[in-house]
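# Examination of the molecular architecture
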Amino acid sequence: MKREIPMALNLTYRFATHEDLKTLQSLFVGTITAVCQNDYSPEQIKAWTASVENTQRWSDLLNDQWVLIAQMNATIIGFASLKEGAYVDFFYIHKDFQGQGVAKRLYNEIEKEAIHQGTKTIGSDVSITAKPFFESRGFVAIKKQDNLVRGVVLVNYKMTKQLPE
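Described in the following lines is the structure provided in the data block. Predicted, not measured: the structure shown is a model, and the values here were computed from it.

Before going further, it helps to examine the nonpolar core. Formed by 27 residues in total, the largest nonpolar core has its most connected members in F91, I122 and F134. Within the residue set of this core, elements represented by two or more residues are β2 (66–72), β3 (75–83), β4 (87–93), α4 (102–116), β5 (121–127), α5 (131–136) and β7 (152–162). Considering every element that reaches this core, the biggest residue donor is α4, with six residues. Residues L27, W48, W58 and F79 belong to the second largest nonpolar core, which totals 19 residues.

So this is what it looks like as structure tokens:
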């Protein structure tokens, strides 16, 4: 059940630290499991969320990417990452805060940073579930992709957006 949050949601942002790792991993798994169940089978969700076990990937995320956390009070309710200034790698909003404007506000911060870094085109590989959100932010699907993950095919979309100068 969604919490009723006023549109003037009091969000704060901060950069992720290694101390946030377990919370980010939990949010990653919880969001996929709850939010993507209409678009992906239980087998696909299991294969997707198993990537949480790749400790090197998560360590690299925190060491090599611009990772921004959205918080309400002291609770992490979303996070997003920008890789090499031009690629939205991670983008997850807690299941209880879907449709509350958190994703839009967090994405706006990511885009501002990409522009600040001089990026002309931003891209991402997005799930079936996230595709409408990214389209609403001006992204265009370049191609549908069938990714083999742990022997299971996961569909996603390569998407890009031209950024203002």
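Moving on, there is more to tell.
To continue, consider the environment of F139. Mapped onto the fold, F139 is located in the loop between α5 and β6 (140–149). Residue classification places F139 among the buried residues on the basis of a relative accessible area of 3%. In the structure, F139 is positioned 18 residues away from Y157 in sequence and 11 Å away in space, judged by C-alpha atoms. When sequence neighbours within four positions are dropped, the list of residues in contact with F139 reads Y107, I122, G123, S124, F134, M159, T160 and K161.

Right, let's get into the sheet that holds β3. The strand order across the open sheet built from seven strands is β1-β2-β3-β4-β5-β7-β6, with neighbouring strands paired in mixed fashion. In the strand order of this sheet, the two ends are held by β1 (11–15) and β6, each with one partner. Here the strands of the sheet are splayed against their neighbours by 25 degrees on average, with no regard to which way each runs. Pairing geometry for β4 and β5, over two bridges, is parallel. Its bridge partner being in β5, V88 is matched across the sheet by S124. Of the strands in this sheet, β2, β3 and β4 are in contact with helix α1 (residues 21–35), which crosses β3 at around 95 degrees. Each of β1, β2, β3, β4, β5 and β7 is contacted by α4, which is oriented at about 30 degrees to β3, the strand it contacts most.

What counts and how
Residues numbered from 1 in each chain as written. Predicted model: local features only at pLDDT ≥ 70, side-chain atom pairs only at ≥ 80, totals over all residues. Heavy atoms only, no water. Core = buried A, V, L, I, M, F, W, Y, C linked by side-chain atoms within 4.5 Å. Buried < 20%, exposed > 50% of the residue type's maximum accessible area, 1.4 Å probe, protein only. Helix = DSSP H or I, 4+ residues; strand = E, 2+ residues; numbered from the N terminus. Contact = heavy atoms within 4.5 Å. Pairing = 2+ DSSP bridges. Axes fitted to C-alpha atoms, helices over the stretch in contact; angles between N-to-C directions.

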